[in-house]
Amino acid sequence: MDAIQMLQDFHESRCLICKPGARYPASCYTFPFPPASAQSLAKKSGATLAYRTSIQTHLERNKYQTPVSYKSSVPINTSILQTPKIRHDVCVGLLFVYDKSSHNQDLDNSAKAFLDAIKGNKGLITDDMQVIHLDCHKRVNENAVLVKIPSGITNPAFVSCTSFVAVRISVLR
């Protein structure tokens, strides 16, 4: 399966465990950054902060909106997740896509780095304790297919990459 179809399928999938209690469509985001491991970031001075800042800046510049699915152009807003006084339990799906030349990383360390980057006042979730189910996937972009991802950081407004991180967040009732 190529990377574009993999991303589309991931964004459109429903969690089999949380499905009955989750609101759909889920909030889906794709980040034009290669996956990073919490351990490898910790080894470089300032790398953890830079990674978190890049992800939060990407979210802010895209105004917390993203297409419902990769092929859709209808944006959704996740401001319900941002309300600090209201805590929602969430089901989170993560897809880490590496190009063939990337260094393979532990899935749990990549999940930790990414979840830490999307939490807080500028994140998608207030606290990672909201996550009651975490579904993680690690894949290699075998054919080095370029995926076009909206980017508020770069000009033009889209960036093409072969390594990226996708997240799917479903608010549970």
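Scroll up to find the structure.
Treat the numbers as computed from the prediction; the structure is a model and nothing was measured.

Draft legend 1. Quick look at the overall build of the chain. Summing up its helical and strand segments, the chain has five helices and eight strands in all. The order of α-helices and β-strands along the chain, N terminus first, is α-β-α-α-β-β-α-β-α-β-β-β-β. Burial status across the chain gives 45% buried among its 173 residues. Contacts in the chain between residues far apart in sequence, at least 24 positions, make up 77% of those at least 6 positions apart. Surface exposure of the chain reaches about 9000 Å², of which carbon and sulfur atoms provide 53%.

Draft legend 2. A look at helix 3 (residues 47-61). Taking 1.5 Å as the rise per residue, helix 3 with 15 residues should run 21 Å; its terminal C-alpha atoms sit 21 Å apart, in good agreement. If you check which residues of helix 3 are buried, you get Ala 47, Tyr 51, Ile 55, Gln 56, His 58 and Leu 59. Each buried residue of helix 3 sits inside an arc of 165° when the element is viewed along its axis, so together they form one side.

Draft legend 3. View of the pattern of salt bridges. Inspection of every chain in the model, using the stated rule, returns five salt bridges. For the salt bridge of Lys 112 with Asp 116, the shortest nitrogen-to-oxygen distance reads 3.2 Å. With Lys 112 and Asp 116 both in helix 5 (residues 107-117) and four residues apart, this pair spans about one turn of that helix. Here Lys 112 falls in the partly exposed class, since its relative accessible area comes to 40%. For Asp 116, a relative accessible area of 11% corresponds to the buried category. Linking Lys 119 and Asp 128 is a salt bridge whose minimum nitrogen-to-oxygen distance equals 3.6 Å. When salt bridges with common partners are traced through the structure, they connect Arg 52, Lys 112, Asp 116, Lys 119 and Asp 128 into a single cluster.

Draft legend 4. Spatial organisation of the side chain of Asn 109. Tracing the backbone through its elements, the reader meets Asn 109 in helix 5. Not counting residues up to four positions away in its chain, the partners in contact with Asn 109 are Ala 36, Ser 37, Ala 38 and Gln 39.

Draft legend 5. How the structure looks around the sheet that holds strand 8 (residues 164-171). The strand order across the open sheet built from four strands is 1-8-4-5, with neighbouring strands paired in mixed fashion. Pairing within the sheet leaves two strands with one partner each, and these edge strands are strand 1 (27-31) and strand 5 (131-141). Strand-to-strand twist across the sheet, computed as the mean angle between neighbouring axes with direction ignored, equals 15°. Taken together, the 10 bridges between strand 4 (residues 90-99) and strand 5 define a ladder with parallel strand orientation. Considered in strand 5, the bridge of Asp 99 is made with Asn 141. Lying on the sheet, helix 1 (residues 3-12) is in contact with strand 1, strand 4, strand 5 and strand 8; it crosses strand 8 at an angle near 15°. Where helix 5 meets the sheet, it contacts strand 1, strand 4, strand 5 and strand 8, and its direction lies at approximately 115° from that of strand 4.

Parameters and conventions
Residues numbered from 1 in each chain as written. Predicted model: local features only at pLDDT ≥ 70, side-chain atom pairs only at ≥ 80, totals over all residues. Heavy atoms only, no water. Helix = DSSP H or I, 4+ residues; strand = E, 2+ residues; numbered from the N terminus. Buried < 20%, exposed > 50% of the residue type's maximum accessible area, 1.4 Å probe, protein only. Contact = heavy atoms within 4.5 Å. Areas by Shrake-Rupley, 256 points an atom, 1.4 Å probe, with all protein chains shown as cover. Expected span 1.5 Å × (residues − 1). Arc of directions from axis to C-beta. Salt bridge = Lys/Arg side-chain N within 4 Å of Asp/Glu carboxyl O. Pairing = 2+ DSSP bridges. Axes fitted to C-alpha atoms, helices over the stretch in contact; angles between N-to-C directions.

By themselves, these figures tell us nothing about what the structure is for.
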